[in-house]
Amino acid sequence: MNGVHTTVLLQEAVDALAIRPAGCYLDGTFGRGGHSRAILDRLGTDGHLFALDRDPQAAATAAAWNDARFSFARCPFSQMATAFAEVGAGSLDGVLLDLGVSSPQLDQAERGFSFNKEGPLDMRMDNESGMTAADWLAATDEATLARVIRDWGGEPHTVARRIARAVMAARPRLHSTLDLAAVVADAVPRKLHRAGFHPATQTFQAIRIAVNDEVGEIERGLRAATDLLASGGVLTVITFHGLEDALVKRFIRACEGAPLPAEIPSAHDRVNPLLRLVPPVIKPSAGEVADNPRSRSARLRKAVKI
């Protein structure tokens, strides 16, 4: 798998979009183009696909595509409204967001995402701008780091505090990803170590989320996508861990509107709904998980614009 990106829930995500040949769609997380390529395969000559990504390597992949039905902009998906307006298009029939970090980012040691490979403490999805993980760790304080590890990494509060204290004490000698991984592993109580699961996994996830403002990106991106969708347009989102999934669930639930009191006669049961959740939540098949273990935690949720 090293350096190869296997698109997760490929057919399921594209099927969920219910693509019309002449429709207009947005892939907000282009990556290496797996979902985009499948969407283009279903579009006719009058259809169009817009794609976004902030990763420079994703932009390089998109630049090599030659298809009049395809437009790419290098920016975070939270900026889709601006990127979309610049090409003078109308509303969207569907938006796809595949959240989290890609396999090429994880597998390239120089990107600094992996606790198993020697690399710089970077972790930026756009590694040409912004604050690196090393910068962020140098600027943060122990209480903030503990909160980030607890809230965005899912570590218990007492463990998060132990890790944060150890990382703060080790900052002068943290020069690489393996340095950080070793400090975190030593700080996590041995009884909490699990076979096949590196003890630094959740801390690395938490720091990566902080460095890339992933929570803010998801919240802003979901709002922007909902605004851009035409009536009947489809929002599909693939998540890979509990925090992402909770953000998506909470957003869709809020957009479904408040329940209408039973005593008020109406053809609808919600007040001012924007989205309608379309069950079920789709998970990878056993075959996909066997072929690509990184897909095991993926969840696909779909909603339709009212």
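What this report covers is the structure whose coordinates are included nearby. (Residues numbered from 1 in each chain as written. Predicted model: local features only at pLDDT ≥ 70, side-chain atom pairs only at ≥ 80, totals over all residues. Heavy atoms only, no water.)

1. Quick word on the overall build of the protein
Here is step 1: Assigned secondary structure in the protein consists of 13 helices and nine strands.
Here is step 2: For a compact globule of 306 residues, the expected C-alpha radius of gyration is about 19 Å, and the protein comes in at 21 Å, within 12% of that figure.
Here is step 3: In terms of overall dimensions, the protein has C-alpha extents of about 60 × 55 × 40 Å along its principal axes.
Here is step 4: Burial status across the protein gives 53% buried among its 306 residues.
Here is step 5: Considering only intrachain contacts with a sequence separation of at least 6, the fraction spanning at least 24 residues in the protein is 65%.
Here is step 6: In the form shown here, the protein has an accessible surface area of approximately 14100 Å², with 52% of it arising from carbon and sulfur atoms. (Helix = DSSP H or I, 4+ residues; strand = E, 2+ residues; numbered from the N terminus. Rg over C-alpha atoms; globule rule 2.2 N^0.38 Å. Buried < 20%, exposed > 50% of the residue type's maximum accessible area, 1.4 Å probe, protein only. Contact = heavy atoms within 4.5 Å. Areas by Shrake-Rupley, 256 points an atom, 1.4 Å probe, with all protein chains shown as cover.)

2. A word on the nonpolar core
Here is step 1: Formed by 32 residues in total, the largest nonpolar core has its most connected members in Trp 136, Leu 145, Ile 163, Val 167, Leu 180 and Ile 207.
Here is step 2: Where this core is concerned, the elements lending two or more residues are helix H6 (133-139), helix H7 (142-153), helix H8 (157-170), helix H9 (177-187) and helix H10 (201-211).
Here is step 3: Ile 163 has contacts with Ile 149, Glu 155, Val 184, Ala 187, Val 188 and Thr 203, leaving out every residue within four places of it along the chain.
Here is step 4: Counting 30 residues, the second largest nonpolar core, distinct from the first, contains Cys 24, Ala 83, Ala 225 and Cys 255. (Core = buried A, V, L, I, M, F, W, Y, C linked by side-chain atoms within 4.5 Å.)

3. Examining the packing of aromatic side chains
Here is step 1: Under the definition given, this model contains five aromatic pairs.
Here is step 2: For the ring pair Phe 30 and Phe 72, a centre distance of 5.6 Å and an interplane angle of 65° mean the geometry is edge-to-face. Here Phe 30, found in the loop between strand E1 (24-27) and helix H2 (34-42), pairs with Phe 72, found in strand E3 (residues 70-74); they are 42 residues apart in sequence, far enough to count as distant.
Here is step 3: For Phe 30, a relative accessible area of 2% gives the class buried. (Phe/Tyr/Trp six-rings, centres within 6.5 Å; stacked < 30°, edge-to-face > 60°.)

4. Some remarks on the packing of H9 against H10
Here is step 1: Contact geometry of H9 with H10 gives a least axis separation of 9 Å together with a crossing angle of 125°. By the angle between their axes, H9 is oblique relative to H10. When the axes of H9 and H10 are compared, the crossing they make is right-handed. On H10, the residues that touch Thr 177, Leu 180, Ala 181 and Val 184 of H9 are Thr 203, Phe 204 and Ile 207.
Here is step 2: Considered class by class, the residues forming the contact of H9 with H10 number five nonpolar, two polar and no charged. (Axes fitted to C-alpha atoms, helices over the stretch in contact; angles between N-to-C directions. Parallel < 35°, antiparallel > 145°, perpendicular 65-115°, else oblique. Left-handed = near helix turned anticlockwise from the far one by under 90°. Nonpolar A, V, L, I, M, F, W, Y, C, P; charged D, E, K, R; others polar.)

5. Focus: the sheet that holds strand E9 (residues 299-305)
Here is step 1: The seven strands are arranged E3-E2-E1-E4-E5-E9-E8 in an open sheet whose pairing can be described as mixed. Both outer strands of the open sheet, E3 and strand E8 (275-282), are each paired with one neighbouring strand and no more. Strand-to-strand twist across the sheet, computed as the mean angle between neighbouring axes with direction ignored, equals 15°.
Here is step 2: Pairing of E1 with strand E2 (residues 48-53) involves four bridges; the strand directions are parallel. Among the inter-strand pairings, Asp 27 is bridged to a residue of E2, identified as Ala 51.
Here is step 3: Against the sheet, H2 makes contact with E1, E2, E3, strand E4 (92-98) and strand E5 (229-239), and its axis sits at roughly 175° relative to E2, the strand it touches most.
Here is step 4: On the sheet, helix H11 (residues 214-228) packs against E4, E5, E8 and E9 and is oriented at approximately 155° with respect to E5. (Pairing = 2+ DSSP bridges.)

6. Looking at the pattern of salt bridges
Here is step 1: Across all of its chains, the model carries 14 salt bridges by this definition.
Here is step 2: The salt bridge partner of Arg 220 is Asp 213, with a shortest N-O separation of 2.8 Å.
Here is step 3: Among the residues examined, Arg 220 registers a relative accessible area of 33% and is labelled partly exposed.
Here is step 4: Arg 301 is the salt-bridge partner of Asp 245, the closest N and O atoms lying 2.7 Å from each other. Separated by 56 residues along the polypeptide, Asp 245 in helix H12 (residues 242-255) and Arg 301 in strand E9 bring together distant segments of the chain. (Salt bridge = Lys/Arg side-chain N within 4 Å of Asp/Glu carboxyl O.)

7. Focus: unusual backbone geometry
What is expected of a backbone is that most residues other than glycine have negative phi and most peptide bonds are trans.
Here is step 1: At the junction of Pro 279 and Pro 280, the peptide bond is cis and its omega measures out at 0° in the coordinates.
Here is step 2: Among the secondary structure elements, Pro 280 is positioned in strand E8.
Here is step 3: Even without being a glycine, Ala 18 presents a positive backbone phi close to 50°.
Here is step 4: Within the secondary structure, Ala 18 sits in the loop between helix H1 (10-16) and E1.

8. Concerning H11
Here is step 1: Helix length check: H11, at 15 residues, gives a terminal C-alpha distance of 20 Å against a target of 21 Å (1.5 Å per residue), a fit within 8%.
Here is step 2: Of all 15 residues in H11, 11 are buried, a share of seventy percent or more. (Expected span 1.5 Å × (residues − 1).)

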